[in-house]
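Structure assessment
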Amino acid sequence: MRLPLIPPADLTPDQAPLYEDMKKGIASNFNAFKTITDDSALIGPWNAWLHEPQIGAAVWNLTKVRTAQATLPDAERQIAILVVGAHFDAAYEVYAHIAVAEKDGMTDARLSTLVAGCRPTDLSESEGCAYDVAYALVNGGILPEPCYCRAVEFFGQHGANELIYLVGLYCMVSMTLNGFNVPVPDRQ
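Calculation criteria
- Residues numbered from 1 in each chain as written.
- Predicted model: local features only at pLDDT ≥ 70, side-chain atom pairs only at ≥ 80, totals over all residues.
- Heavy atoms only, no water.
- Helix = DSSP H or I, 4+ residues; strand = E, 2+ residues; numbered from the N terminus.
- Rg over C-alpha atoms; globule rule 2.2 N^0.38 Å.
- Buried < 20%, exposed > 50% of the residue type's maximum accessible area, 1.4 Å probe, protein only.
- Lys, Arg positive; Asp, Glu negative; His and termini not counted.
- Charge placed at Lys NZ, Arg CZ, Asp CG, Glu CD.

**Quick word on the overall build of the protein**
- When its secondary structure is counted, the protein shows 8 helices and 0 strands.
- Shown N-terminal to C-terminal, the secondary structure of the protein runs as helices and strands in the order α-α-α-α-α-α-α-α.
- Rg of the C-alpha trace for the protein: 17 Å, near the compact-globule value of 16 Å for 188 residues, within the 12% margin.
- Across its three principal axes, the protein shows a C-alpha extent of roughly 50 × 30 × 30 Å.
- For the protein, the proportion of its 188 residues judged to be buried stands at 46%.
- The distance from the centre of the 12 positive side-chain charges to the centre of the 22 negative ones in the protein is 2 Å.

Set out below in C-alpha coordinates:
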(Lines give C-alpha, C1' and ligand atoms only; values in the text may rest on other atoms or scores of the structure.)
Protein backbone atom coordinates (compact mmCIF):
# COMPACT_ATOMS: atom_id res chain seq x y z
CA MET A 1 0.00 0.00 0.00
CA ARG A 2 1.38 3.37 -1.01
CA LEU A 3 -0.39 5.58 1.53
CA PRO A 4 0.01 4.91 5.24
CA LEU A 5 -3.12 4.32 7.27
CA ILE A 6 -4.06 7.31 9.40
CA PRO A 7 -4.96 6.50 13.03
CA PRO A 8 -7.64 8.86 14.42
CA ALA A 9 -5.11 10.48 16.79
CA ASP A 10 -3.03 11.60 13.79
CA LEU A 11 -5.84 13.24 11.81
CA THR A 12 -5.43 16.89 10.85
CA PRO A 13 -8.22 19.41 11.48
CA ASP A 14 -9.19 19.06 7.79
CA GLN A 15 -9.24 15.25 7.97
CA ALA A 16 -11.08 14.77 11.28
CA PRO A 17 -14.61 15.81 10.18
CA LEU A 18 -14.28 13.77 6.97
CA TYR A 19 -13.09 10.77 8.98
CA GLU A 20 -16.11 11.05 11.32
CA ASP A 21 -18.55 11.38 8.42
CA MET A 22 -17.02 8.45 6.55
CA LYS A 23 -16.88 6.28 9.66
CA LYS A 24 -20.57 6.96 10.33
CA GLY A 25 -21.57 6.25 6.71
CA ILE A 26 -19.42 3.15 6.52
CA ALA A 27 -21.02 1.72 9.68
CA SER A 28 -24.52 2.08 8.26
CA ASN A 29 -23.96 1.23 4.59
CA PHE A 30 -20.72 -0.72 4.10
CA ASN A 31 -20.80 -3.32 6.85
CA ALA A 32 -20.51 -6.56 4.85
CA PHE A 33 -16.72 -6.31 4.61
CA LYS A 34 -13.73 -4.97 6.54
CA THR A 35 -13.42 -1.18 6.35
CA ILE A 36 -11.53 -0.28 9.52
CA THR A 37 -8.52 -1.58 11.44
CA ASP A 38 -8.44 -2.54 15.10
CA ASP A 39 -6.98 0.88 15.91
CA SER A 40 -9.88 2.60 14.03
CA ALA A 41 -7.92 3.62 10.91
CA LEU A 42 -10.04 3.50 7.75
CA ILE A 43 -8.89 1.19 4.96
CA GLY A 44 -9.94 0.76 1.34
CA PRO A 45 -10.62 3.92 -0.66
CA TRP A 46 -11.52 5.83 2.50
CA ASN A 47 -7.90 5.97 3.63
CA ALA A 48 -6.84 7.43 0.29
CA TRP A 49 -9.64 10.00 0.45
CA LEU A 50 -8.49 11.07 3.92
CA HIS A 51 -5.04 11.87 2.56
CA GLU A 52 -6.58 14.54 0.31
CA PRO A 53 -9.59 15.75 2.31
CA GLN A 54 -10.95 18.22 -0.26
CA ILE A 55 -10.96 15.63 -3.02
CA GLY A 56 -11.92 12.89 -0.59
CA ALA A 57 -14.92 14.85 0.70
CA ALA A 58 -16.18 15.41 -2.86
CA VAL A 59 -15.85 11.73 -3.76
CA TRP A 60 -17.36 10.68 -0.43
CA ASN A 61 -20.35 12.98 -0.96
CA LEU A 62 -20.95 11.44 -4.39
CA THR A 63 -20.62 7.96 -2.86
CA LYS A 64 -23.18 8.83 -0.17
CA VAL A 65 -25.65 10.17 -2.73
CA ARG A 66 -25.23 7.11 -4.96
CA THR A 67 -25.83 4.88 -1.92
CA ALA A 68 -28.56 6.73 -0.01
CA GLN A 69 -30.59 7.69 -3.05
CA ALA A 70 -30.17 4.47 -5.00
CA THR A 71 -33.25 3.40 -6.91
CA LEU A 72 -31.71 0.55 -8.89
CA PRO A 73 -32.33 -2.93 -7.46
CA ASP A 74 -29.45 -4.26 -5.35
CA ALA A 75 -28.62 -7.15 -7.69
CA GLU A 76 -28.30 -4.81 -10.68
CA ARG A 77 -26.14 -2.41 -8.66
CA GLN A 78 -23.78 -5.16 -7.51
CA ILE A 79 -23.55 -6.65 -10.98
CA ALA A 80 -22.53 -3.28 -12.42
CA ILE A 81 -20.02 -2.64 -9.64
CA LEU A 82 -18.48 -6.10 -10.01
CA VAL A 83 -18.18 -5.64 -13.79
CA VAL A 84 -16.18 -2.47 -13.12
CA GLY A 85 -14.05 -4.00 -10.37
CA ALA A 86 -13.28 -7.09 -12.46
CA HIS A 87 -12.46 -5.00 -15.53
CA PHE A 88 -9.89 -2.95 -13.62
CA ASP A 89 -8.77 -5.86 -11.43
CA ALA A 90 -9.37 -3.66 -8.36
CA ALA A 91 -8.79 -6.22 -5.61
CA TYR A 92 -10.39 -4.35 -2.71
CA GLU A 93 -13.44 -3.38 -4.78
CA VAL A 94 -13.96 -6.97 -5.92
CA TYR A 95 -13.43 -8.24 -2.35
CA ALA A 96 -15.89 -5.72 -0.89
CA HIS A 97 -18.64 -6.17 -3.44
CA ILE A 98 -18.41 -9.95 -3.45
CA ALA A 99 -19.15 -9.68 0.28
CA VAL A 100 -22.12 -7.38 -0.37
CA ALA A 101 -23.46 -9.60 -3.16
CA GLU A 102 -23.06 -12.73 -1.01
CA LYS A 103 -24.95 -11.01 1.80
CA ASP A 104 -27.71 -10.25 -0.73
CA GLY A 105 -27.80 -13.92 -1.77
CA MET A 106 -25.90 -13.91 -5.06
CA THR A 107 -24.68 -17.40 -5.92
CA ASP A 108 -21.03 -18.42 -5.99
CA ALA A 109 -21.40 -19.47 -9.64
CA ARG A 110 -22.66 -16.03 -10.65
CA LEU A 111 -20.00 -14.27 -8.58
CA SER A 112 -17.26 -16.43 -10.08
CA THR A 113 -18.42 -15.67 -13.60
CA LEU A 114 -18.68 -11.92 -12.95
CA VAL A 115 -15.25 -11.57 -11.37
CA ALA A 116 -13.75 -13.64 -14.20
CA GLY A 117 -14.96 -10.85 -16.49
CA CYS A 118 -17.70 -12.89 -18.14
CA ARG A 119 -21.47 -12.52 -18.45
CA PRO A 120 -23.41 -15.02 -16.31
CA THR A 121 -26.01 -17.02 -18.21
CA ASP A 122 -28.61 -16.83 -15.43
CA LEU A 123 -29.21 -13.06 -15.40
CA SER A 124 -32.73 -11.70 -15.55
CA GLU A 125 -33.40 -9.23 -18.36
CA SER A 126 -32.85 -6.22 -16.10
CA GLU A 127 -29.70 -7.74 -14.57
CA GLY A 128 -28.43 -8.45 -18.09
CA CYS A 129 -29.14 -4.85 -19.01
CA ALA A 130 -27.09 -3.61 -16.03
CA TYR A 131 -24.27 -5.95 -17.03
CA ASP A 132 -24.35 -4.82 -20.66
CA VAL A 133 -24.31 -1.10 -19.79
CA ALA A 134 -21.43 -1.51 -17.32
CA TYR A 135 -19.48 -3.75 -19.69
CA ALA A 136 -19.91 -1.39 -22.64
CA LEU A 137 -18.92 1.67 -20.60
CA VAL A 138 -15.75 0.20 -19.08
CA ASN A 139 -14.63 -0.97 -22.49
CA GLY A 140 -14.67 2.58 -23.85
CA GLY A 141 -16.47 4.66 -26.36
CA ILE A 142 -20.03 5.88 -26.50
CA LEU A 143 -22.60 3.65 -24.84
CA PRO A 144 -24.32 1.88 -27.75
CA GLU A 145 -27.83 3.14 -28.44
CA PRO A 146 -29.51 -0.26 -27.89
CA CYS A 147 -27.87 -0.54 -24.43
CA TYR A 148 -28.90 2.99 -23.51
CA CYS A 149 -32.51 2.54 -24.74
CA ARG A 150 -32.81 -0.76 -22.92
CA ALA A 151 -31.57 0.82 -19.68
CA VAL A 152 -34.19 3.57 -20.02
CA GLU A 153 -36.83 0.93 -20.76
CA PHE A 154 -35.97 -1.17 -17.68
CA PHE A 155 -35.03 1.51 -15.17
CA GLY A 156 -36.61 4.73 -16.48
CA GLN A 157 -34.55 7.79 -17.37
CA HIS A 158 -33.55 8.42 -13.75
CA GLY A 159 -32.49 4.80 -13.24
CA ALA A 160 -30.50 4.77 -16.50
CA ASN A 161 -28.76 7.96 -15.40
CA GLU A 162 -28.07 6.40 -12.00
CA LEU A 163 -26.56 3.30 -13.61
CA ILE A 164 -24.22 5.39 -15.77
CA TYR A 165 -23.14 7.51 -12.79
CA LEU A 166 -22.67 4.36 -10.68
CA VAL A 167 -20.32 2.87 -13.27
CA GLY A 168 -18.39 6.14 -13.44
CA LEU A 169 -18.10 6.37 -9.67
CA TYR A 170 -16.77 2.84 -9.36
CA CYS A 171 -14.31 3.45 -12.20
CA MET A 172 -12.94 6.27 -10.02
CA VAL A 173 -12.95 4.01 -6.95
CA SER A 174 -11.07 1.36 -8.94
CA MET A 175 -8.48 3.90 -10.06
CA THR A 176 -8.05 5.08 -6.46
CA LEU A 177 -7.58 1.54 -5.21
CA ASN A 178 -5.20 0.55 -8.00
CA GLY A 179 -3.27 3.81 -8.03
CA PHE A 180 -2.50 3.52 -4.33
CA ASN A 181 -2.13 -0.28 -4.41
CA VAL A 182 -4.80 -0.80 -1.74
CA PRO A 183 -4.71 -4.44 -0.62
CA VAL A 184 -7.47 -6.78 0.40
CA PRO A 185 -7.56 -7.10 4.21
CA ASP A 186 -5.54 -10.02 5.57
CA ARG A 187 -3.64 -10.26 2.27
CA GLN A 188 -1.27 -7.38 2.93
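**Some thoughts on the environment of Leu111**
- Counting through the fold element by element, Leu111 comes out in helix α6 (residues 108–115).
- We classify Leu111 as buried; its relative accessible area is 4%.
- Remark: the alpha-carbon pair of Leu111 and Gln78, spanning 33 residues in sequence, is separated by 9.9 Å.

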